[in-house]
Amino acid sequence: MHKGKEEVLRKIREKADQLGLKFDRKIFVASFLTKKEVNILNYLAGSPAYDKKFGKPGQQRAKNFEKFLLSNDLIKIDSKGLAVQKRYILSYIKLLNDPKHKSMIEKLAKKIRPNSMGYSPIVKASKQKISEDSFDVMFHEWMHTLFNYNRLGFYNTGDNRWKYNEGMTVFAEYYLGNYYGRDVGFLKERIEWTKKHGAKTTFEKNLKYVDMFIKLIEAETKPSKRRTALFKFFKELPAPAAARQWPKAILPKKRLSQ
Ligand SMILES: [Zn+2]
């Protein structure tokens, strides 16, 4: 199947209908950056992949920015994209001490195109050619954008809802079929595989969060009910400090589906 922006948008619209969400094509913009740039933004935006080595987003990540730039992670970690608030990235300027770093962030922020909500979906790609893979990433980042537009799940970039947003997004991509033909069955197989063999990649590590949304939504047949279940889930998440713990303990007490 030919992959392209229109095909991705068509699928996002379908997802919005399936989940009872609002859709407006104007908010789906994209910025294409290099791997290094994407990694820097992921670091600043609060990707949990950097928690252990460089601490929490905000003060700690700012303090360790130099260390991150000199580390292998800058080029080794292969994140494909992210969706971030430009404002949040710019807020690092006042946290950083080194003028070199400040201007680096300013320059990087200029390459980010925000939508009308100040939110920027970013895809790793070369300027010359947007590969098929890049459209897969675009699909993922635009699913985040759809949820963000509907004010579902998110607080801010850098908060500890990251993994829940990620779980919801990956679930929703596959639910009732993603745009290249895989569905929740594929996720379930991966979940079982990970239970046996352990989670290594970021995708595998996030599967326990994906599983929560499969259990929450899969049995719902009406878009409005799916929407309500998602909102209820996030409304019932306890204080942010608890949100990074093993998710089972903080599943909503009363599930809307079996
Ligand atoms: Zn994501």
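These numbers come from a predicted model, not from an experiment.

Relative to each other, helix H1 (residues 5–18) and helix H9 (residues 132–149) sit at 35 degrees, their axes nearing to 10 Å. Note that H1 runs across H9; the crossing there is right-handed. Facing H1, whose interface residues are Val 8, Lys 11, Ile 12, Lys 15 and Ala 16, H9 presents Phe 135, Met 138, Phe 139, Trp 142, Met 143 and Leu 146. Taken together, the residues of the contact of H1 with H9 break down into nine nonpolar, no polar and two charged.

What follows concerns the nonpolar core. Counting residues in hydrophobic clusters, the biggest one holds 57 residues, and the most contacted among them are Leu 41 and Ile 122. Ignoring any residue separated from it by four or fewer positions in sequence, one finds Leu 41 in contact with Leu 82, Val 84, Ile 89, Leu 108 and Ile 122.

What follows concerns the pairing of strand S3 (residues 119–124). Along S3, six of the six residues are buried, which leaves the element largely enclosed by surrounding structure. Neither face of S3 is open: one carries Tyr 119, Pro 121 and Val 123, the other Ser 120, Ile 122 and Lys 124, and all of them are buried. Examined bridge by bridge, strand S1 (residues 31–33) and S3 share three bridges and lie parallel to one another. Note on S3: the bridge partner recorded for Leu 33 is Lys 124. Where strand S2 (residues 81–85) lies against S3, five bridges are found, and the strand directions are antiparallel. Counted as the bridge partner of Gln 85 is Tyr 119 from S3.

Definitions and cut-offs
Residues numbered from 1 in each chain as written. Predicted model: local features only at pLDDT ≥ 70, side-chain atom pairs only at ≥ 80, totals over all residues. Axes fitted to C-alpha atoms, helices over the stretch in contact; angles between N-to-C directions. Helix = DSSP H or I, 4+ residues; strand = E, 2+ residues; numbered from the N terminus. Left-handed = near helix turned anticlockwise from the far one by under 90°. Contact = placed C-beta atoms within 7 Å. Nonpolar A, V, L, I, M, F, W, Y, C, P; charged D, E, K, R; others polar. Core = buried A, V, L, I, M, F, W, Y, C linked by C-beta atoms within 7 Å. Buried ≥ 20, exposed ≤ 12 C-beta atoms within 10 Å, placed from the backbone. Pairing = 2+ DSSP bridges.

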